[in-house]
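Read off the chains here:
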Amino acid sequence: MLPALARAVVGRGTETSVIPARRASRAEAASMTLEQLMDCLPAATLALNETRQPCVISPEAHRQFKDCVGSIIRHPAFQNRLDHVLADLSDSPAPGEAVVVLDIPQYRVVRAWMRKATVPSALVPEGYRKPGFSPTTPTTLIFVALHDETEAVVAERQHTDFVAFASHELRTPLAALLGFIETLQGPAADDPAAQKEFLDIMAVQARRMQRLLDSLLYLSRVQMQEHLRPTDVVAVGALFDHVRAEAAGLMAGKNVRLEVTPGAEPGLSVAGDEVQLQQVLMNLIENALKYGLADRGRRQGQPLCITLSCEPPPPDGCWPGEPGVLLNVTDTGPGIPARHLSRLTERFYRVARTAASVQGSGLGLAIVQHVVTRHGGRFVVESAVGKGTTCRIWLPVVRGLS
Ligand SMILES: Nc1ncnc2c1ncn2[C@@H]1O[C@H](COP(=O)(O)OP(=O)(O)OP(=O)(O)O)[C@@H](O)[C@H]1O
Ligand SMILES: [Mg+2]
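- The name recorded for the protein in an unreviewed UniProt entry is histidine kinase, from Acetobacter garciniae.
- As its UniProt record puts it under Catalytic activity (unreviewed entry), the protein is described as follows: "ATP + protein L-histidine = ADP + protein N-phospho-L-histidine."

Okay, here's the thing in structure tokens:
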């Protein structure tokens with residue numbers, strides 16, 4: 001598959017070339033170094049010398065792979081393929097291809113194409129040359145093109161997981177329903193007490209299936225609209241009032257305190273779909289409530305505190321530069337271990353530690369993520385185990401209304 005590299009090289013022209021090819025004089029072009037040539041490549045490429053050291057790393061490889069380049073080169077899958085490429089002593093050595101899977105610092109799947117080439121030793125940067133260097137003798141370099149396939153692999157995995165989880169989640173209550181129907185038709189046909197008990201359980205299972213299907217349909221509707229930016233103007237104050245009223249129904253009779261602080265700027269508005277934004281905030285409050293209440297042992301009678309707040313984003317570089325606002329839902333619940341945070345918005349992802357005793361299908365935060373994406377916003381979950389969780393939604397504000 002080396003043609004991908006070739007395509008990239010001849011395809012889109014230069015972005016970072018030190019000496020742009022068209023304007024370079026003959027003399028300049030003749031004296032270009034390997035680094036300068038590789039700077040011109042709009043692809044993530046490396047050149048390794050005979051001792052497998054990366055003597056040139058293109059700017060695109062730096063940008064995409066930063067400090068992973070060393071881990072990719074050291075990876076057994078890469079080294080194995082490199083052994084074959086180096087061992088090929090024919091006149092036109094065959095290219096090699098390796099797939100490298102890294103787990104730390106984050107999961108990444110990188111495909112590497114490599115080809116051995118004989119070049120004048122003078123091309124090899126100083127510090128990477130063989131002992132007894134002579135500019136006229138040829139030397140071997142291995143050119144490597146890297147392609148990040150993480151997104152495609154994760155999407156494929158999520159698709160497979162989705163089908164498996166959806167059918168599993170539906171099959172369990174369905175099997176329970178069929179079992180009870182058989183019992184009602186047979187052994188319990190003349191037992192009114194058992195019939196009542198079984199019908200109650202069947203109603204719970206049927207509602208579970210209904211909730212799951214509702215969430216799946218809602219999610220697929222949101223995904224279908226994801227490319228359509230909502231244009232209605234939604235006042236944050238009115239949005240919070242609605243959510244407070246709806247949340248009050250969920251919290252009635254429970255040991256919970258809800259604080260709503262709509263922020264200092266009256267009339268602050270965002271461009272959005274009001275019903276979807278209400279749904280998103282309710283999903284977050286419902287999570288805060290159900291996981292917080294399930295963790296009651298730790299609070300020793302203290303009420304669970306949930307805060308819905310609105311604030312300007314801090315200027316810490318984490319948020320987009322355009323004018324925006326943060327809508328936060330904070331709770332004093334059990335918190336979520338850091339290793340789960342990046343996966344919470346995957347469909348059906350649940351954290352066994354907190355979710356084991358609480359009903360849910362793992363779709364709530366996937367819905368939040370898709371709605372926020374549709375709004376051109378950003379969704380971040382911060383959490384500390386034993387302290388609580390803050391879910392932050394950044395949304396662009398509509399100016400000139402207040
Ligand atoms: N505020 C929170 N405190 C502790 N854990 C949380 C909190 N919010 C989410 N989680 C964890 O994240 C997981 C994913 O949440 P999500 O809302 O997507 O699904 P769910 O609540 O399990 O099901 P659903 O929302 O579809 O009914 C939960 O199962 C739970 O483990
Ligand atoms: Mg939820």
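Having seen it, we continue.
### Observations concerning the environment of R221
In step 1: Topologically, R221 is positioned in helix 8 (residues 192-225).
In step 2: Taking the relative accessible area as the measure of exposure, R221 reaches 46% and is therefore partly exposed.
In step 3: When the C-alpha positions of R221 and A164 are compared, they lie 20 Å apart, and in sequence the two are 57 residues distant.

### Digging into the site of ligand 1
In step 1: N287, Y291, D331, R350 and L365 are the nearest of the 19 residues found near ligand 1.
In step 2: Y291 has a polar side-chain atom sitting 2.7 Å from an oxygen atom of ligand 1.
In step 3: Here ligand 1 loses 95% of its free accessible area of 590 Å² to cover by the protein chains.
In step 4: Elements with a contribution of two residues or more to the shell around ligand 1: helix 10 (274-294), helix 12 (352-355) and helix 13 (364-374).
In step 5: The element that contributes the greatest number of residues to the shell around ligand 1 is helix 10, accounting for four residues.
In step 6: Partitioning the shell around ligand 1 into residue classes produces nine nonpolar, seven polar and three charged.

### Structural notes on the pattern of salt bridges
In step 1: Counting across every chain of the model gives 13 salt bridges.
In step 2: E60 is the partner of R63 in a salt bridge, and the nearest nitrogen-oxygen pair spans 2.7 Å. Separated by three residues within a single helix, R63 and E60 lie in helix 4 (residues 59-65), roughly one turn from each other.
In step 3: Overall, the relative accessible area of 15% leaves E60 in the buried class.
In step 4: The partner of R111 in a salt bridge is E97, and the shortest N-O contact between them spans 2.7 Å. Taken together, the residues span a long stretch of sequence, with R111 in strand 4 (residues 108-120) and E97 in strand 3 (residues 96-102) at a distance of 14 residues.

### A few points about the sheet that holds strand 4
In step 1: On the basis of which strands lie adjacent, the open sheet formed by five strands has the order 2-1-5-4-3 and antiparallel pairing. For this open sheet the edge positions go to strand 2 (54-57) and strand 3, each flanked by a neighbour on one side alone. When the angles between neighbouring strand axes are averaged without regard to direction, this sheet yields 25°.

Conventions and cut-offs
Residues numbered from 1 in each chain as written. Chains lettered and ligands numbered in written order. Predicted model: local features only at pLDDT ≥ 70, side-chain atom pairs only at ≥ 80, totals over all residues. Heavy atoms only, no water. UniProt positions renumbered as here; feature names shortened; annotations may be inferred. Helix = DSSP H or I, 4+ residues; strand = E, 2+ residues; numbered from the N terminus. Buried < 20%, exposed > 50% of the residue type's maximum accessible area, 1.4 Å probe, protein only. Near = heavy atom within 4 Å. Polar contact = N/O pair within 3.5 Å; in protein donor to acceptor, adjacent residues only side chain to side chain. Areas by Shrake-Rupley, 256 points an atom, 1.4 Å probe, with all protein chains shown as cover. Nonpolar A, V, L, I, M, F, W, Y, C, P; charged D, E, K, R; others polar. Salt bridge = Lys/Arg side-chain N within 4 Å of Asp/Glu carboxyl O. Pairing = 2+ DSSP bridges. Axes fitted to C-alpha atoms, helices over the stretch in contact; angles between N-to-C directions.

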